[in-house]
Amino acid sequence: MISRRFLPSTQSLQAFDAVVRLGSFTAAAQELALTQSAVSRQVAALETQLGQVLLVRGKRSVTPTAQGRAYATAAQSALQQLQQAALDLQGAQDKGRLTLAILPTFGTRWLIPRIPRFLRRHPEITLHFTTRIGQFDLLSEGVDAAVYAGRPDWPQAQALKLFEDRVQPMAAPSLQGGSGITPAQITRLPRLALATRPAEWDGWMAAHDLPPAPAPDMVFEHLATLAQACVAGLGVALLPPFLYHSELAAGELVALGPEWGNGSGYWLMTPEHAPEGAAVRAFRDWLMTEITRDEGVFA
């Protein structure tokens, strides 16, 4: 029988673990979505229960004592085991369920039209979609995998590269002003930009040995709105051709220059410390098959 005297609450263990990992009560409170005083009370209660001083509290930092370091290792291991057990139970329950976080425009224009092929191959899997743009905690949000555009610097997640993130200056035919337009002439057109990529035009100009230009004429929150403004003739935009090849083929948009790689990419992100379930593995393998099918578009 386990004595409750030496069995702390998971809240106290989580608070203590966060403080040791992050080195401050403030950072731990931000991670746990608690107040600093609440985290401090949890750690103090743990020290009282164990009868040990676990942390040396400084003015600007917190340092674990020798006993605190040893206990932090044990606490982290216990929390990871509890989390893994919960994931194993959830995985057994939701073996045929896959929750995916997708980018709005990527989802509607590239992924969703292909999903019937996935379901024909894997009718045993039920898909649940959520739309997300930035980074978030995959485990706490209950998301099995996320398609993400950017750089693979997502904490507590592992990344599988899908393809390069390449863009191309595009405009409506009415704005183009004829063929043979130069990069310098492009910069004199009204420029449209994406709010989440404020430096993309600067990078494109630097790649073409052009000086930085003034701020864009219009800024949009979503890629789909940016592209629609471009089709409407409001300006030139840097758009990913693999998402807008149909507008290029229909003549609604024209490419004003070659593709340019901004150094980022599209990634499939999965939780770093979670076992890869059969549904995630099936989706990953199918996704790579689809990308191979379209490798001419992404090259």
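Above this note sits the structure.
Residues numbered from 1 in each chain as written. Predicted model: local features only at pLDDT ≥ 70, side-chain atom pairs only at ≥ 80, totals over all residues. Heavy atoms only, no water.

Asks: Now, about the nonpolar core: what can you tell me, with residues and values included?
Replies: The tendency in soluble globular proteins is for nonpolar side chains to be buried as a group. One finds F106, L111, L239 and F283 to be the most contacted residues of the largest nonpolar core, which totals 39 residues. Take this core: its biggest share by element is 7 residues, from helix α13 (residues 278–293). In terms of nonpolar packing, the next biggest core, distinct from the first, is built from 17 residues, A18, V19, A29 and L46 among them. (Core = buried A, V, L, I, M, F, W, Y, C linked by side-chain atoms within 4.5 Å. Buried < 20%, exposed > 50% of the residue type's maximum accessible area, 1.4 Å probe, protein only. Helix = DSSP H or I, 4+ residues; strand = E, 2+ residues; numbered from the N terminus.)

Asks: Tell me about helix α11 (residues 223–231), residues and numbers included.
Replies: Along α11, the residues that are buried comprise L223, L226, A227, A229 and C230. Projected down its long axis, α11 shows its buried positions confined to an angular sector of 160°, all on one face. Residues of α11 that are buried in the fold lie against α5 (104–111), β6 (157–171), β7 (192–194), β8 (218–220) and β9 (237–239). Phi turns positive, to about 85°, at G233, one or two residues after α11. (Arc of directions from axis to C-beta. Contact = heavy atoms within 4.5 Å.)

Asks: Give me the pairing of β6: which residues, what numbers.
Replies: Strand direction decides the pairing type here: β6 and strand β11 (residues 260–271), joined by 9 bridges, are antiparallel. Paired with L160 across the strands is L268, a residue of β11. Relative to strand β10 (residues 254–255), β6 runs antiparallel, the two being bridged by 2 bridges. When the bridges of β10 are listed, M170 appears paired with A255. (Pairing = 2+ DSSP bridges.)

Asks: An account of empty space enclosed by the protein is needed here, citing residue identities and associated values.
Replies: Under the defined criterion, the tally for this structure stands at 2 cavities of 30 Å³ or more. Space inside the second largest cavity adds up to approximately 50 Å³. Among the secondary structure elements, those contributing two or more residues to the lining of the second largest cavity are β7 and α10 (200–207). A per-element tally of the lining of the second largest cavity places β7 first, with 3 residues. Considering only residue class, the lining of the second largest cavity consists of 6 nonpolar, no polar and 2 charged. (1 Å grid on protein atoms, 1.4 Å probe; cavity = no way out; pocket = protein on both sides within 12 Å on 5 of 7 lines; lining within 4 Å. Points joined across faces, edges and corners; volume = space filled by probe spheres on them. Nonpolar A, V, L, I, M, F, W, Y, C, P; charged D, E, K, R; others polar.)

Asks: Give a detailed account of the layout of surface pockets, specifying residues and quantitative values.
Replies: As a volume, the largest pocket reaches approximately 850 Å³. As for the largest pocket, its lining consists of 25 residues, of which R21, E31, Q83, D137 and Q156 are closest to the centre. Going through the elements one at a time, α1 (10–22), α2 (25–32), α4 (66–93) and α7 (138–141) are the ones with two or more residues in the lining of the largest pocket. Residue composition of the lining of the largest pocket, grouped by class: 11 nonpolar, 9 polar and 5 charged.

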